[in-house]
Structure formats: C-alpha cells, structure tokens
Amino acid sequence: MTSQNTAQTRTRLLLALWNLGGTQQEVNKRQLHDRIVSKTKKVADYQGIFEELQNQGAIAISKKGYSLTSGKGLEVLGEGLRSGDFKFEGTIVGTWAANALVKWISQIDVAVSGADVPVNGKSAIASYDKFKSVALEVYDKLNQNYNLDDLVPIYRIRREIGDQVSRTEFSEWLLEMQADDIFQLMTGEIQDFNSDKRDDSITIPGVGLRSYAKRLN
C-alpha cells in the first residue's frame, strides 16, 4: 500500500471498529475483517496497520477480537476523518460506511477526542463504562440532596449530565444499565410534568414512557 492508501485504510478500519461498538466492548475479529477486507486483499495485508495502531495505543488486540481506546483511538480516528486526503476507494460506498459517517457527524461533539475534551467545564463521556459511573454518581447525589426516596426522575439525571453525552447515547446507555440490572426504569407521576420533562424522560418503543430510575444495586 502507498502511504496515502495506508492512511485511508487505517481511518476506515478505526471507523468500522467504532461503528461496531469497539469503545464499549471487544469486537469479534471476523466481524471487523468482514467490514474492512476488500475482495482483492487478505487479512494478512492489513497486519502492519493493526500493529501500527496497537503500538500507537489506538486499539487493543486480543486472541478473539479488537477494541478501540476511547482516548487515543478516537483522537486518531477524528484526525483521519478530518484529513483532506481521506476518501473511500471505488465507485460504491458500503451502507455501513455511510451510516457510520452520519452517526459520527451526529455525535461529533462528544466523539472527536473522547473523554479528554471538556464540555462546558466537564469531561465528555465517550464510553458506556464512563457513562455508568457518571450516571450512578448523579443518581446518588440527586437522591441524597433532594430526599427522593430512591426514585430519581430520569429528566433530572439527563439534565445534570447535560452535554457530556448525546441525547441518543444517554437513552441507549440508560436502557443498557436497566438490562444490566443496575437501574429499574419505572412509570409514575411527576409534579409539573410538562412536554420538556417528558422529552427528557425515556419512551421505550412498544412499552411506553419511563419517568423514574431506581437503583437496584
């Protein structure tokens, strides 16, 4: 590969890994290879790029898969996407790549430099583990300061975390915390419950509105 092709392939690899959730969990090797290896190449042709990114601290490699570091990995990805030389090869761009770019653009305020970039004086949240820690801290603070009897309004948690995380990721990660039996999201009446408070709560498709979070452990 030429140096330009190598840079483009490196960015494409990081974008695929990010889009597959590589900042939150390890991505199976075959799953990533299916995204990035073209018909005219083999996985071995990419070995040098994987090693380079690992040495940079941008990715971690295990026997089973790859993960993207929320700090250095997102920084390298952001630099690659902003490069004037970056482009997709060929005449057809895969749907996954187009959707990944749309997702990146929609979350660019928190994704470009990961957890190291301050947002309104606070660090941006670039991973589920970081969100989980912050959400629990906010829950405990609100519960204690306002004597909420372990039922904390979701809209208050969202507003307290603010621009540290996108609205979409807040909802997705709070639902993930419920799936992990950390929070139970509950219905219930809230005083002065207006449209803004409703919008800042969570509506689960096919289930309905959830107004409160209750910590389970």
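Residues numbered from 1 in each chain as written. Predicted model: local features only at pLDDT ≥ 70, side-chain atom pairs only at ≥ 80, totals over all residues. Heavy atoms only, no water.

K.L.:
Sorry if this is basic, but what is going on with the overall build of the protein chain here?
P.N.:
Scanning the protein chain from N- to C-terminus turns up ten helices and ten strands. Long-range pairs, those at least 24 residues apart, make up 65% of the contacts in the protein chain between residues at least 6 apart in sequence. As presented, the protein chain carries roughly 12000 Å² of accessible surface, and 44% of it is formed by carbon and sulfur atoms. (Helix = DSSP H or I, 4+ residues; strand = E, 2+ residues; numbered from the N terminus. Contact = heavy atoms within 4.5 Å. Areas by Shrake-Rupley, 256 points an atom, 1.4 Å probe, with all protein chains shown as cover.)

K.L.:
Please explain the pattern of salt bridges as it appears in this structure.
P.N.:
Any two side chains of opposite charge can pair, given that their charged atoms come close. Inspection of the entire model under this criterion finds six salt bridges. One salt bridge connects arginine 10 with glutamate 52, and the closest N-O pair in it is separated by 3.0 Å. One end of the pair, arginine 10, is in helix H1 (residues 3-19); the other, glutamate 52, is in helix H3 (residues 47-56), with 42 residues separating them in the sequence. Accessibility expressed as a relative area gives 19% for arginine 10, which makes it buried. On the accessibility criterion, glutamate 52 (31% relative accessible area) is partly exposed. (Salt bridge = Lys/Arg side-chain N within 4 Å of Asp/Glu carboxyl O. Buried < 20%, exposed > 50% of the residue type's maximum accessible area, 1.4 Å probe, protein only.)

K.L.:
I tried to follow the side chain of aspartate 200 on my own but got confused; where do I start?
P.N.:
Locating aspartate 200 in the fold gives a position in the loop between helix H10 (195-199) and strand S8 (202-204). At a separation of 2.9 Å, a polar atom in the side chain of aspartate 200 contacts the side chain of arginine 167. Residues within four places of aspartate 200 in sequence aside, it is in contact with Ile154, Tyr155, Arg158, Arg159 and Arg167. (Polar contact = N/O pair within 3.5 Å; in protein donor to acceptor, adjacent residues only side chain to side chain.)

K.L.:
What am I meant to see in the sheet that holds strand S10 (residues 212-215) here?
P.N.:
Backbone-to-backbone hydrogen bonds join strands into a sheet, with any given pair of strands oriented parallel or antiparallel. Judged by pairing direction, the sheet is antiparallel, and its three strands sit side by side in the order S6-S10-S7 without closing on themselves. Here the strands that pair on one side only, and so sit at the sheet edges, are strand S6 (152-153) and strand S7 (183-186). In terms of strand pairing, S6 meets S10 through two bridges, oriented antiparallel. Residue pairing in the sheet places proline 153 in a bridge with tyrosine 212 of S10. The strands touched by helix H7 (residues 128-145) within the sheet are S6, S7 and S10, with S10 carrying the most contacts at an inclination of about 100°. (Pairing = 2+ DSSP bridges. Axes fitted to C-alpha atoms, helices over the stretch in contact; angles between N-to-C directions.)

K.L.:
Sorry, what's going on with the sheet that holds strand S1 (residues 27-28) here?
P.N.:
Overall, antiparallel pairing links the three strands, which are arranged S1-S3-S2 in an open sheet. Where the open sheet ends on each side, the last strands, each with one partner, are S1 and strand S2 (59-61). Examined bridge by bridge, S2 and strand S3 (residues 65-68) share three bridges and lie antiparallel to one another. Paired with isoleucine 61 across the bridge in S3 is tyrosine 66. Taken strand by strand, H3 contacts S2 and S3, and its axis lies near 115° from that of S2.

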